[in-house]
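Working through the structure, step by step
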Amino acid sequence: MQPSPASVWTKRIIMMLVVFSGFVFYFLFLHNRVHLAPLPYIGPRLGTEVNPETGEADTIYHTIPDFKLVNERGDTVTGKDVFGHIYVADFFYATCRSICPVMTHQMKRVQDAYAKDEDVRMLSHTVDPANDSVGALKVYAELHEAIPGKWQFLTGPKKDLYKLAMEGYFMNALEGSTPEDPFIHDNHFVLVDKERHIRGIYDGTDSVEVSRLIDEIRVLEKFYQSPEQE
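On a predicted model such as this, the values are computed, not experimentally measured, just so you know. (Residues numbered from 1 in each chain as written. Predicted model: local features only at pLDDT ≥ 70, side-chain atom pairs only at ≥ 80, totals over all residues. Heavy atoms only, no water.)

1. What to know about the overall build of the protein chain
What counts here: Under the scheme used here, helices are H or I runs from DSSP no shorter than 4 residues and strands are E runs no shorter than 2 residues, and both carry numbers assigned from the N terminus. When accessible area is computed with a 1.4 Å probe and restricted to protein chains, residues below 20% of their type maximum are described as buried, those above 50% as exposed, and intermediate ones as partly exposed. Residues count as neighbours in contact if any of their non-hydrogen atoms are within 4.5 Å of one another. Note on areas: these come from Shrake-Rupley sampling with a 1.4 Å probe, and a residue is covered only by the protein chains present in the view.
Helix and strand content of the protein chain: six helices and eleven strands. The buried share among the 230 residues of the protein chain stands at 40%. Contacts in the protein chain between residues far apart in sequence, at least 24 positions, make up 67% of those at least 6 positions apart. Carbon and sulfur atoms form 59% of the exposed surface of the protein chain, whose accessible area is close to 13000 Å².

Take a look at the structure:
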């Protein structure tokens, strides 16, 4: 039995309304999200300094301290290499079977969302440098289709990695007390701006939180594109 012309048009109208409502949702919520006020600065305020251009006192915020580590290709990576880039940082270890696989999957979502954006980087730091050698990290990076130079896996002296985690990113990184949990590390992703300020912290095991991170990277990029930042 052929559908009546009226029912065909009714279905077409319903489909048009669904598509139109999708556009409305995008422009009212997602599109406008990138026009919100800049993201907050996270961490202690360290004082103020006089801006030589305006003569006003600017707040000095916590910044990620400089570091010197090695990536999965054997290249030295320092804080200067990411200065001027927005980046997302986390801590993991390659043999982890609890939260790390989920976090790595979610970090790949971030990479894929900004694969062609030269301004955005990802840094994954191991908490198990004794086992996560350059070679092991290279295998891990290739397994998870990390784009070289975009998403880097870092190793180095344990004391440097742990100090950077706790004092730089305010995240846990320490040895565990059981064979089941040989290392304790944070499950969060940290969003860092071009001057190495922390601008957001997100649950790296929660897909909704990571979607918010992906969105707020755009917010941060819009902040740098505003006339006040030129």
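Once you've had a look at it, read on.
2. Observations regarding the confidence of the model for the protein chain
For clarity, the cut-off: Confidence scores per residue from the predictor, reported as pLDDT, run from 0 to 100.
Looking at the protein chain, pLDDT values average 85 and 79% of them are 70 or higher. In the model, residues 17-35 has pLDDT below 50 throughout and makes 13 contacts with residues more than four positions away in sequence or in other chains.

3. Concerning the side chain of H62
Condition: We define a polar contact as two N or O atoms separated by no more than 3.5 Å, with the added condition that, inside protein, one atom must be a possible hydrogen donor and the other a possible acceptor, whereas residues neighbouring each other in sequence contribute only through side-chain atom pairs.
With respect to the helices, strands and loops of the structure, H62 is situated in the loop between β2 (57-61) and β3 (68-70). Here the side chain of H62 touches G168 through a polar contact of 2.8 Å, landing on its backbone oxygen. Residues contacting H62, with those up to four places away along its chain left out, are G43, P44, L46, E167, G168, F170, R196, H197 and I198.

4. Some remarks on the environment of V82
Here V82 lies in helix α2 (residues 79-82). Separated by 41 residues in sequence, V82 and L123 place their C-alpha atoms 9.4 Å apart. The contacts of V82, once residues within four sequence positions are left out, are F67, Y87, L123 and R196.

5. Structural notes on the nonpolar core
How we decide: Here the nonpolar core consists of buried residues drawn from Ala, Val, Leu, Ile, Met, Phe, Trp, Tyr and Cys, with membership extended through side-chain atoms lying within 4.5 Å.
Core analysis: the largest hydrophobic core is formed by 52 residues, its most contacted members being F67, Y87, V88, V110, Y169, L191 and I217. Here the element with the most residues in this core is helix α6 (residues 207-225); it accounts for eight residues.

6. A closer look at the pairing of strand β1 (residues 45-50)
Which entries qualify depends on this criterion: Two strands qualify as a pair provided DSSP detects at least 2 bridges between them.
Of all six residues that make up β1, zero are buried, and the element is exposed over most of its length. Where β1 hands over to β2, the hairpin turn is made up of six residues, of which G55 adopts a positive phi near 75 degrees.

7. Some details on the pairing of strand β7 (residues 151-154)
The two faces of β7 match: W151 and F153 on one face and Q152 and L154 on the other face are all buried. Alignment of strand β6 (residues 120-126) against β7, held across four bridges, turns out to be parallel. Bridging from a neighbouring strand, H125 pairs with L154 of β7.

8. Quick notes on the environment of Y93
Turning to its location among the elements, Y93 is positioned in the loop between β5 (86-92) and α3 (100-113). The class of Y93 is buried, set by a relative accessible area of 6%. Along the backbone, Y93 and T126 are 33 residues apart, and their C-alpha atoms lie at a distance of 4.9 Å.

9. Quick word on the packing of aromatic side chains
How we decide: Two rings belonging to Phe, Tyr or Trp (six-membered ring only in the last case) form a pair when the distance between their centres is within 6.5 Å. Interplanar angles under 30 degrees mark stacking, angles over 60 mark edge-to-face geometry, and anything in between is tilted. Criterion for a charge above a ring: Arg CZ or Lys NZ at most 6 Å from the ring centre, at most 35 degrees from the ring normal.
Applying the stated criterion across every chain, the model contains seven aromatic pairs. Plain terms: the ring middles of Y140 and F153 are 5.7 Å apart, the flat faces sit at 75 degrees to each other, and that makes the pair edge-to-face. In this pair, Y140 sits in helix α4 (residues 134-143) while F153 sits in strand β7, placing the two residues 13 residues apart along the sequence. Classification of F153 by relative accessible area gives buried; the value is 1%. Considering the side-chain rings of F223 and Y224, the 5.3 Å spacing of their centres and the 65 degrees angle between planes classify their relative orientation as edge-to-face. Of the residues examined, Y224 reaches a relative accessible area of 14% and is grouped as buried. Grouped by ring-pair contacts, the aromatic residues F92, Y140, W151 and F153 constitute a single cluster. Here the guanidinium or amino end of R199 rests over the ring plane of Y41, the centre of that ring lying 3.9 Å away.

10. With respect to the packing of α3 against α6
What counts here: Geometry is summarised by axes, namely lines fitted to C-alpha atoms with helices restricted to the contacting stretch, and by angles between N-to-C directions that run from 0 to 180 degrees. Oblique is the label for any angle not under 35 degrees, not over 145, and not in the 65 to 115 range, which are roughly parallel, roughly antiparallel and roughly perpendicular in turn. Each crossing gets its handedness from the near helix: less than a right angle anticlockwise from the far helix is left-handed, clockwise is right-handed. In this classification, Asp, Glu, Lys and Arg are treated as charged, Ala, Val, Leu, Ile, Met, Phe, Trp, Tyr, Cys and Pro as nonpolar, and every other residue, Gly included, as polar.
At a minimum axis separation of 10 Å, α3 and α6 run at an interaxial angle of 25 degrees. The angle between α3 and α6 places the two elements in the roughly parallel class. Remark: the crossing between α3 and α6 carries right-handed chirality. The segment α3 lies against α6, with Q106, R109, V110 and A113 engaging S207, V210, S211, L213, I214 and I217. The residue makeup of the contact of α3 with α6, split by class, is six nonpolar, three polar and one charged.

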